[in-house]
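# Survey of secondary and tertiary structure
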Amino acid sequence: YDLRNEDLKDLQELGQGNGGSVKKVEHIPTKTIMAKKIVLIDAKPSVRKQILRELHIMHDCHSPYIISFYGAFLSDPNICICMEFMDKGSLDGIYKKIGAIDIEVVSKVALAVLEGLTYLYDVHRIIHRDIKPSNILCNSEGQIKICDFGVSGELINSIADTFVGTSTYMSPERIQGAQYTVKSDVWSMGISLIELALGRFPFSESDPDDDDNFSDLEGTLSPESVLADKREKDKKKDRRKSKGHIVNEPAPRLTPEGRFPGEAEDFVDSCLFKDPDARKTPKDLLKHPWIDMARASKFDCKVWANTF
Ligand code: ADP
Ligand code: MG
């Protein structure tokens, strides 16, 4: 494909994320349906060209567990990345629509993510860096694939410069500033699998002893200082939620005990060892009994994907 913005017709908004927005588009000359990700990059032309060069590696990424890449181009302040369109969307959208995901489907998700990560690392030495339910996509063929992996160092830097918000899928060692390794992706996958199986994010959204009550001050303080006080408290809360909590508290687990197969509980536990030396690599985890069960499972993801 020789992609140009003029040849792409917008069909539908698919969603918005930290880096930009994603649209369903049609490549008119070939009638191909694609997902077009628009990333606003505040960088010099030389950096933008560098990003484009780095994205080229994606042309060589071919795996049934990785979203296909059609091409990327610059479009004024944006970089557009065109990729395979997945008609059932991302797993966060799916569980928010249908509720907690059946554990047998979750095991197939684990299998697909591990195969995808192993392919990226073994063949291209790429670490994903952003495993979360919104980067795991599904289509009506019942295929499960990962997207948005960190191929371009320059793109990662440019997005990091504008990144605000919480980083709740990040491993304890990453929060403490250690280098990314494939094992950091394993942690993020473990958190994501619990989220899918429970139908909710596994870290509590608010701390019970966090007292947000400042109404007693409202009469005596100016609105500005009440607001400033609230902002300060929100900031503290964010920090605890996204950082201290993950480093200091025990890792979340697949609970309640006995609700899920023992193999699933054990698999998730081994993804969430807080010490990265104790945590396995994606390749090792492909040998886990729960993944053998996923391979042997007769569960039909195609039938499942067509129930919603
Ligand atoms: P995030 O991953 O943080 O949600 P993105 O900008 O990467 O933000 O994506 C926004 C949304 O667009 C995703 O949540 C997903 O639902 C949807 N999306 C992304 N890529 C595709 C794709 N290839 N096919 C279908 N939907 C997609
Ligand atoms: Mg994404």
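Residues numbered from 1 in each chain as written. Chains lettered and ligands numbered in written order. Predicted model: local features only at pLDDT ≥ 70, side-chain atom pairs only at ≥ 80, totals over all residues.

For the protein chain, an unreviewed UniProt entry supplies the name Kinase and the organism Coniophora puteana. Regarding the protein chain, the UniProt comment filed under Sequence similarities (unreviewed entry) reads as follows: "Belongs to the protein kinase superfamily. STE Ser/Thr protein kinase family. MAP kinase kinase subfamily." (UniProt positions renumbered as here; feature names shortened; annotations may be inferred.)

## A word on the environment of Asp7
Within the element layout of this structure, Asp7 appears in the segment before β1 (8-16). Using a count of 14 C-beta atoms within 10 Å as the deciding quantity, one classes Asp7 as partly exposed. Separated by 19 residues in the primary sequence, Asp7 and Glu26 have C-alpha atoms spaced 8.0 Å apart. (Helix = DSSP H or I, 4+ residues; strand = E, 2+ residues; numbered from the N terminus. Buried ≥ 20, exposed ≤ 12 C-beta atoms within 10 Å, placed from the backbone.)

## A short note on the site of ligand 1
Surrounding ligand 1, one finds 22 residues, the nearest of these being Gly15, Gly17, Ala35, Ser90 and Ser134. Elements represented by at least two residues in the shell around ligand 1 include exactly β1, β2 (20-27) and β5 (78-84). Across the shell around ligand 1, the residue classes tally to 9 nonpolar, 11 polar and 2 charged. (Near = placed C-beta within 6 Å. Nonpolar A, V, L, I, M, F, W, Y, C, P; charged D, E, K, R; others polar.)

## Re unusual backbone geometry
Cis rather than trans, the peptide bond between Thr255 and Pro256 has omega equal to -5 degrees. By the secondary structure assignment, Pro256 is in the loop between α8 (223-248) and α9 (262-271). Its identity as a non-glycine residue notwithstanding, Arg125 has a phi of 55 degrees, on the positive side. Note that Arg125 resides in the loop between α3 (103-124) and β6 (136-138). According to the C-beta neighbour criterion, Arg125 is exposed, with 8 such atoms within 10 Å.

## Focus: the environment of Tyr169
Locating Tyr169 in the fold gives a position in the loop between α4 (153-162) and α5 (172-175). Since 25 C-beta atoms lie within 10 Å of it, Tyr169 is described here as buried. Between the alpha carbons of Tyr169 and Met189 there is a distance of 8.2 Å; along the sequence they are 20 residues apart. In this structure, Tyr169 is in contact with Ile131, Lys132, Ser188, Ile191 and Ser192, ignoring residues within four places of it in sequence. (Contact = placed C-beta atoms within 7 Å.)

## Some thoughts on the UniProt feature "binding site: ATP" (unreviewed entry) in the protein chain
UniProt tags Lys37 as "binding site: ATP" (unreviewed entry). As for its position among the elements, Lys37 is in strand β3 (residues 32-40). Among the residues examined, Lys37 registers 22 C-beta atoms within 10 Å and is labelled buried. For Lys37, the contacting residues outside a window of four places in its chain are Gly20, Val22, Cys80, Ile81 and Met83.

## Considerations on the pairing of β2
Two strands pair when backbone bridges link them, and β1 and β2 are joined in this way by 7 bridges, in the antiparallel orientation. Bridge pairing in β2 places Gln16 opposite Ser21. Taking the residues that link successive antiparallel strands as the turn, the β1-β2 hairpin has 3 residues. Direction of pairing for β2 relative to β3: antiparallel, over a ladder of 8 bridges. Residue Lys24 lies in a different strand from β3, and its bridge partner there is Ala35. (Pairing = 2+ DSSP bridges.)

## Points about the sheet that holds strand β4 (residues 69-75)
Strands sit in the order β1-β2-β3-β5-β4 across an open sheet of 5 strands; the sheet is antiparallel. With partners counted over all chains shown, the strands left at the sheet margins are β1 and β4, one partner each. Across this sheet, the average inter-strand angle for adjacent strands is 25 degrees, counted without regard to direction. (Axes fitted to C-alpha atoms, helices over the stretch in contact; angles between N-to-C directions.)

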